[in-house]
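Per-entry structural report
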Amino acid sequence: MTPGADLALFGISVLAGIIGALAGVGGGILVIPALTTIFGVDIHLAIGASIVSIIATSSGAAVAYVRDRLTNLRVGMFLEVATSTGAVGGALAAAVVAPQLLYVLLAAVLGLSVLQQVSRLGEELPPEVVPSRAAASLRLASSYPDQRLGREVPYAARRVGLGFVMMLVAGFLSGLLGIGSGVLKVLAMDGVMRLPMKVSTATSNFMIGVTAAASAGIYLGRGDVDARLAAPVALGVLAGALLGSRILVRLRNRQVRLIFVPIMVVVALQMLAKGLGLHVAFLG
Amino acid sequence: MSGPATTPHADPSAQAQTDELRLVVARVLLVGVALSAALVLAGLLASLAVGWNGSLVGAAPGGDPTDVGALAEGLRNLRPQAIAQLGLLTLILTPMTRVAASLVLFAIERDRTYVVVSAIVLAILLTGLLVIR
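These notes cover the structure that comes with them. (Residues numbered from 1 in each chain as written. Chains lettered and ligands numbered in written order. Predicted model: local features only at pLDDT ≥ 70, side-chain atom pairs only at ≥ 80, totals over all residues. Heavy atoms only, no water.)

1. Notes on the overall build of chain B
Note the cut-off: Only DSSP runs of H or I covering at least 4 residues are called helices, and only runs of E covering at least 2 are called strands; the numbering of each starts at the N terminus. Residue contacts are counted whenever heavy atoms from the two residues lie within 4.5 Å of one another. Here the Shrake-Rupley method, with its probe set to 1.4 Å, supplies the accessible areas, and only the displayed protein chains count as covering residues.
Within chain B, the secondary structure is distributed over four helices and zero strands. Counting from the amino terminus, chain B carries its helices and strands in the arrangement α-α-α-α. Long-range pairs, those at least 24 residues apart, make up 52% of the contacts in chain B between residues at least 6 apart in sequence. With the model as given, the accessible surface of chain B reaches about 6,500 Å², and the carbon-plus-sulfur share is 68%.

2. Quick word on the interface of chain B and chain A
Here is the rule: Summed over both partners, buried area is the accessible surface (1.4 Å probe) that two parts give up on being assembled. Within this document, salt bridges are pairs made up of a side-chain nitrogen of Lys or Arg and a carboxyl oxygen of Asp or Glu, the two lying within 4 Å of each other. As used in this structure description, the phrase polar contact means that two N or O atoms lie within 3.5 Å; if the pair is within protein, one of them must be able to donate a hydrogen and the other to accept it, and residues adjacent in sequence are counted only when both atoms belong to side chains. The nonpolar class holds Ala, Val, Leu, Ile, Met, Phe, Trp, Tyr, Cys and Pro. Asp, Glu, Lys and Arg form the charged class, and all remaining residues, Gly among them, are polar.
At the interface, 51 residues of chain B touch 55 residues of chain A. Carbon and sulfur atoms make up 72% of the area that chain B and chain A hide from each other, which totals about 4,700 Å². For chain B, the biggest contributors to the area lost against chain A are Arg22, Trp52 and Tyr114 of chain B; these three give 14% of the whole. On the surface where chain B and chain A come into contact, there are three salt bridges. The salt bridge partner of Arg139 of chain A is Asp111 of chain B, with a shortest N-O separation of 2.9 Å. For the pair chain B and chain A, the interface holds 10 residue pairs in polar contact (both at pLDDT 80 or more). Every element with two or more residues in the side of chain B that touches chain A is listed here: helix H1 (12–50), helix H3 (80–108) and helix H4 (112–130) of chain B. Looking at which element gives the most residues to the side of chain B that touches chain A, the answer is H1 of chain B, with 15 residues. Looking at side-chain class alone, the side of chain B that touches chain A contains 31 nonpolar, 13 polar and seven charged residues.

3. What to know about the side chain of Ser53 of chain A
All names here are of chain A. By the element assignment, Ser53 lies in helix H3 (residues 43–67). Looking at Ser53, its side chain comes within polar contact range of the main-chain oxygen of Ala49, at 2.7 Å. Non-local contacts of Ser53, meaning those with residues more than four positions away in its chain, are made with Val233, Ala234 and Val237.

4. Brief notes about the packing of helix H4 (residues 73–94) of chain A against helix H7 (residues 160–177) of chain A
A pair of packed helices is characterised by two quantities: the angle between their axes and the separation of those axes. Residues and elements named next belong to chain A. Our working rule: Axis definition: a line fitted to C-alpha atoms, over the contacting stretch in the case of helices. Angles run 0 to 180 degrees between N-to-C directions. By convention the crossing between two helices is left-handed if the near helix lies anticlockwise of the far one by an angle smaller than a right angle, and right-handed if it lies clockwise.
The N-to-C vectors of H4 and H7 enclose an angle of 35°; their axes lie 6 Å apart at closest approach. When the axes of H4 and H7 are compared, the crossing they make is right-handed. Considering only residue class, the contact of H4 with H7 consists of 14 nonpolar, eight polar and no charged.

5. Here's the deal with the nonpolar core
Rules: Only buried residues count toward a nonpolar core, which is a set of Ala, Val, Leu, Ile, Met, Phe, Trp, Tyr and Cys residues joined through side-chain atoms within 4.5 Å. Whether a residue is buried, partly exposed or exposed follows from its accessible area with a 1.4 Å probe, protein chains only, as a fraction of its type maximum: under 20%, in between, or over 50%, in that order.
Among the nonpolar cores identified, the biggest contains 119 residues, and Leu35, Val52, Leu140 and Met193 of chain A are the most heavily contacted of them. Sorting elements by how many residues they give to this core places helix H9 (residues 197–221) of chain A first, with 13 residues. Not counting residues within four places of it along the chain, the set of residues in contact with Leu140 of chain A comprises Asn72, Arg74, Val75, Ala135, Tyr155, Ala157, Val160 and Met193 of chain A together with Tyr114 of chain B.

6. A word on the side chain of Ser118 of chain B
Inspection of the secondary structure puts Ser118 of chain B in helix H4. Take Ser118 of chain B: its relative accessible area is 0%, and that puts it in the buried class. If sequence neighbours within four positions are ignored, Ser118 of chain B has contacts with Met77 of chain A together with Val99, Ser102, Leu103 and Phe106 of chain B.

7. Thoughts on the pairing of strand E2 (residues 151–155) of chain A
Residue and element names in this part refer to chain A. Quick reminder of the rule: The pairing criterion is simple: DSSP has to find at least two bridges between the two strands.
The sheet contact formed by strand E1 (residues 142–146) and E2 spans five bridges and is antiparallel. The residue of E2 that forms the bridge with Ser142 is Tyr155. Between E1 and E2, which pair antiparallel one after the other, the connecting turn spans four residues, and Gly150 there sits at a positive phi close to 70°.

8. As for the packing of aromatic side chains
This is how it is decided: The criterion for an aromatic pair is that two Phe, Tyr or Trp rings (for Trp, the six-membered ring) have centres within 6.5 Å, with stacked assigned to planes under 30 degrees apart, edge-to-face to planes over 60 apart and tilted to the rest. By definition here, charges over rings are those cases where NZ of Lys or CZ of Arg is within 6 Å of the ring centre and within 35 degrees of the ring normal.
Per the counting criterion, the structure on display carries three aromatic pairs over all chains. Seen in terms of ring centroids, Phe78 of chain A and Phe164 of chain A are 5.4 Å apart; in terms of plane orientation they differ by 40°. Their pairing is tilted. Linking Phe78 of chain A in helix H4 with Phe164 of chain A in helix H7, this pair joins segments that are 86 residues apart in sequence. The class of Phe164 of chain A is partly exposed, set by a relative accessible area of 22%. Above the ring of Tyr114 of chain B, the side-chain terminus of Arg74 of chain A is found at 5.0 Å from the ring centroid. If you follow Arg98 of chain B out to its NZ or CZ, it ends over the ring of Phe206 of chain A, 3.7 Å from the centre.

Set out below in structure tokens:
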């Protein structure tokens, strides 16, 4: 890579990080389309660069969530058994799956993220949950300090088995596509296990690092984590995510996030077209 | 405010142990990300000066640091690509270190269930890094 290309890669990655943070999706799902369409990077190298970027952004964000007691460490550690197993499977499958299918799946996950953003406008607490037996023996119940409500909110978990299975799928897609699959992780904890939204989001973030590390080790061994590409991309996405989260806390209305929905729809359609072999240029 | 079934930490010493785990986990993640970002940045900046396969100590251009031997050789010659690659490796090792640290703390607490859980996760991560290609 020439210095000019380095700078361009860094700049695009910063942009992907910012938009990802503002839109509430990870940087990976935006940086892979950018690398493959704008720079013509091989999808496996793009995935290798994305997966290490994800470790950086999720671990960085996890620090504050863990300190503020929003993350449920036990829920996270237990479900990481499923996500890391899935991620190893996904990374193995990535070597044999046709790239076209990878593009179509990326488009599908991005579409799901858009749907989640549109439907998730009000953050409410789940109704009182009676913990299931598995949840009780794993001691998954806890409490977190809710700043907006100004009190400690106790919560419990249920349907642990179904949550675990969903985490296997989330881990598989993460390892296959080089993304965090935070959308699926949040869906499993918030929708299925009925943990509060803030706990689900924080715990998902905590788990993404370990999930990504499971497949990143495999990509590294294959030579798909190339420093010449991954260095500017990881630094850029990390810088962009930090910047984006700063901007986000200044925004009064979280619905501003919806401004970014059209961008994600365009990127999803671009990926779908690429996967189906249609030569349609929406971007670059 | 809360029913007895969902009261989180009836035992105050359990709360203190969880708080210690939180501090250790947060510290490991912060130090790991900061260290790897510094190494990757150093490699990237050095590459702008001497090129990815160049050397800060003036050695002849070398190959890609794809395995541990080549990485060590590249680091000895201060090659930008090797410095950045070490940073990326540090990044991948950060969540693994976090899991290992949790395992130790759970062991000190004699929390058997979560010692087993952390050990399984650590085994999967190490298998991915060292065994599977």
